[in-house]
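Okay, here's what each chain looks like letter by letter:
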Amino acid sequence: HDCLASIAHVRTLGKAGVLTDDEVEKLAAELEHIIELHATGDFPIPPELEDCHTTIEHHLTMALGDLGKKVHTGRSRNDQVLAALHLYYDEELGAVNELICELIAALTEFAEQHGDVPIPGHTHTRKAMPSSVGYWAKGFIGALADDITFLSPVSALAQRSPLGTGAGYGVPLELDKEFTAKELGFKHVIENGVHTQLSRGKLAAAILHALSQVTATLNAMACDLILFSMPAFGYFELPEEMTTGSSIMPQKKNPDVLELVRASHHRVVGREHEVQGICANLISGYHRDYQLTKGPVLTGLDTTKDCLAIMTTVVKGLVVNEENCQKAMTDELYATEEVYKLVKEGVPFREAYKQVSDQYR
């Protein structure tokens, strides 16, 4: 991502007349070569070169001589890092979106296969009214669609180019920021350098907040599946490869995977709070504190993607026990229906409610 941003940057320097066309092409070709080396694991970052940014510039200098030293013209480490992060965040949010769509597809197929099987609906963790497997699955499909909506504005924030704002106060060169943005596939430009720095922590926190909406949905789904697959309920049976045994009790098939998904939501929420705390009480402009916001976002993205992939596997292997579902449809689930039968006969609702409730005392 840093190389892609650097390619766009050198093309902008070429447009500004700082680099010749030949220099631009040589730098761009060598940056492409670095991407290829990295893809095959042949671009190590030695400790003495600190990080990928310094290592890339060192490689360019070793390969191209003084031309390599020109790559950092017109930018600061600040807008360089942010440009790479924005590219990475946009790509990763797209991957999260795709994984949500895969889980929606798995739930849709599950609903089509088992949609008419009745199960109790629950409120307050007690049987409430008749429901169905399809109704349950479509509820989570709707929630996941909401999560895609949550991700959309955050993706839009990532799709902005910070290049050209330097360390926060611009650079004394006439650089075409709109050109750079188009080269990178960004939809907008952040014009003000102070805004660029102020946006850094906010974007990290916003990404984690959007991801926490996804993991909240997965948390709820995991809670349902743990409960509904208990022998006492037995509506669903988990795929065997998604359960684990006990080191002492040979009969156990524990829903460890779902328990880890359930707990992972709190990890993502914790990372959001971590970023919010890091970025509080800072004056405007860059601070090294911002470096510590990257780790939490990487963790949040990886955790969310893992949980989505796992839940898709679980849903694809989920077995519905129709016999247990039918047995669970006990008389009290139809109490509200009985009330409304009386209402249709002209009995006032409160009186009908009392008559039916008396039957269950």
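Residues numbered from 1 in each chain as written. Predicted model: local features only at pLDDT ≥ 70, side-chain atom pairs only at ≥ 80, totals over all residues. Heavy atoms only, no water.

A short note on the packing of aromatic side chains
- Within the structure shown, the criterion is met by twelve aromatic pairs.
- Seen from their ring centres, phenylalanine 228 and tyrosine 235 are 5.1 Å apart, and the 45° between their planes marks the pair as tilted.
- Members of the aromatic cluster, each reached through a chain of ring pairs, are Phe110, Trp136, Phe140, Phe228, Phe233, Tyr235 and Phe236.
- Directly above the ring of phenylalanine 179 sits lysine 15, whose terminal nitrogen or CZ lies 5.7 Å from the centroid. (Phe/Tyr/Trp six-rings, centres within 6.5 Å; stacked < 30°, edge-to-face > 60°. Lys NZ or Arg CZ within 6 Å of the ring centre and 35° of its normal.)

A look at the pattern of salt bridges
- Enumeration over the complete set of coordinates arrives at 14 salt bridges.
- Here glutamate 323 makes a salt bridge to lysine 327, at a shortest N to O gap of 3.4 Å. With glutamate 323 and lysine 327 both in helix α10 (residues 322–327), this residue pair falls four residues apart, about one helical turn.
- Since its relative accessible area comes to 52%, glutamate 323 is described here as exposed.
- Among the charged side chains, a salt-bridge network with shared partners connects Arg11, Glu25 and Glu183. (Salt bridge = Lys/Arg side-chain N within 4 Å of Asp/Glu carboxyl O. Helix = DSSP H or I, 4+ residues; strand = E, 2+ residues; numbered from the N terminus. Buried < 20%, exposed > 50% of the residue type's maximum accessible area, 1.4 Å probe, protein only.)

What to know about the confidence of the model for the protein
- Residues of the protein with pLDDT of at least 70 account for 100%, and the chain-wide mean is 96.
- Mean pLDDT across the elements of the protein ranges from a minimum in helix α12 (residues 349–358), with 94, to a maximum in helix α2 (residues 21–39), with 98. (pLDDT = per-residue confidence, 0-100.)

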